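Below, each chain spelled out in residue letters.
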Amino acid sequence: MGLFRKRSAVYLYDPESLSYEKYNPTFRDRVFAFIEYMSTSILISAAIIYLYAQFFDSPMEALLRKDNAMLQEQYELLDSRLTQAFDLLESLQQRDESLYRAIFQAESIPEDIRKSGFGGANRYENIARLPNSELATATTRKIDMLEKQIYVQSNSLDELVNLGKRQEERLQCIPAIQPVSNKDLKRLASGYGFRIDPIYRDTRFHAGMDFTAREGTEIYATGNGKVIYQGYRGNYGNCIEIDHGFGFRTLYAHLSTFKVRIGNQVIRGEVIGAVGNTGKSTGPHLHYEVILHGKHDNPAKYYFMDLTPEQYTEMIRLAVIKANQLD
Ligand SMILES: [Zn+2]
């Protein structure tokens, strides 16, 4: 059925009667004709729109496409900057392990703790649904790892700051100077070790160092600490004992006078008493001991703070050869 018009008559050729006959469409014919006409038009229009969209962007699409390309570029840029940040962090981690932590004798942080990942496979689920999800997921994962590693690193540095403070405190407490003024090392009378006893004339262990000095010469605390003994004690005569913490104690013997009492906090170089000749002593001198973790140690090993390396070597030499013990 072709076109139909409402008012003008339509004649159709009838092959049977070989003549034109007036066509009188029924209402049903008319409805069908209308439907046929409309569906053809819609189909053609849809085909045209579809083809157009295949080859040409709408202005909005073109804009979005451009935005998308820029975002992608930006993502890639961020990704490469993240890689640079990782390199920086890596060199910081290496220095932390091989230098900083080594200096402060801190235990090394295991690699699996420094570089541990995050649990949960669903962590990037939301991102995985995005377009370009691979890039977005990789970048997000990198940022997470960076955050985690920076956190571990910053904890490490905090720990080192504390260790540094403790190290500083330790340095102030170690008995690191001579107990009397002895710049020219003339005062040393006897060193640490086995010596002939000045009174009994037999070989005995000398647990400290003897410094000859006039009676009344000032005696210094050799490191920061707390006075734990002050009084008379047998062969030592008047003596003072200081607890320096970190396992160190020092003892000063044969004193004439005291300048501190039990419980006093003292700092390195503070005058604690004066040289005398009390207890088992053959003349005015200071007998000085360093005790580390309950055992006597050679005091000469600890004078690194007021001696040059040359003086230190000389002191060790003298401490070995001087046999003129005063006890
Ligand atoms: Zn002595």
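Within any chain, residue numbers begin from 1 and follow the written order of that chain's sequence. Only residues with pLDDT of 70 or above have their local features reported here, since the model is predicted, and side-chain atom pairs are shown and tallied only from 80 upward, although totals for entire chains, interfaces and linings are computed over all residues. Only heavy atoms go into the side-chain values, all of them from the structure, while hydrogens and water stay out.

A. Examining the pairing of strand β9 (residues 238-245) more closely. Counting buried residues along β9, six of its eight residues qualify, which places the element largely inside the surrounding structure. In the sheet, strand β8 (residues 225-232) pairs with β9 via six bridges, with the strands oriented antiparallel. Directly across from K226, in β9, lies its bridge partner D243. By the bridge criterion, five bridges tie β9 to strand β10 (residues 248-253) in an arrangement that is antiparallel. Bridge pairing in β10 links E241 to L251. At least two bridges found by DSSP between two strands is the condition for calling them paired. Strands are runs of DSSP state E lasting at least two residues, helices are runs of H or I lasting at least four, and both sets are numbered from the N terminus onward. Counting the residues that bridge the hairpin from β9 to β10 gives two residues, and of these F246 lies at a positive phi of roughly 55°. Relative accessibility decides the category of a residue: with a 1.4 Å probe and only protein chains considered, values under 20% of the type maximum give buried, values over 50% give exposed, and everything between is partly exposed.

B. Local environment of the layout of surface pockets. A 1.4 Å probe that fits but cannot get out identifies a cavity on a 1 Å grid over protein atoms alone, an open set with protein on both sides within 12 Å along at least five of seven lines counts as a pocket, and a residue lines either if it has an atom within 4 Å of a point. Grid points are joined across faces, edges and corners, and a volume is the space filled by probe spheres set on the points. The volume enclosed by the largest pocket comes to roughly 200 Å³. Of all the elements in the fold, those that place two or more residues in the lining of the largest pocket are β5 (203-206) and β14 (285-292).

C. Here's a closer look at unusual backbone geometry. In this structure, F246 takes a positive phi of about 55° despite not being glycine. Tracing the backbone through its elements, the reader meets F246 in the loop between β9 and β10. For F246, a relative accessible area of 24% corresponds to the partly exposed category. Positive phi is not limited to glycine here, since H254 has a value of about 70°. Mapped onto the fold, H254 is located in the loop between β10 and β11 (255-258). For H254, a relative accessible area of 1% corresponds to the buried category.

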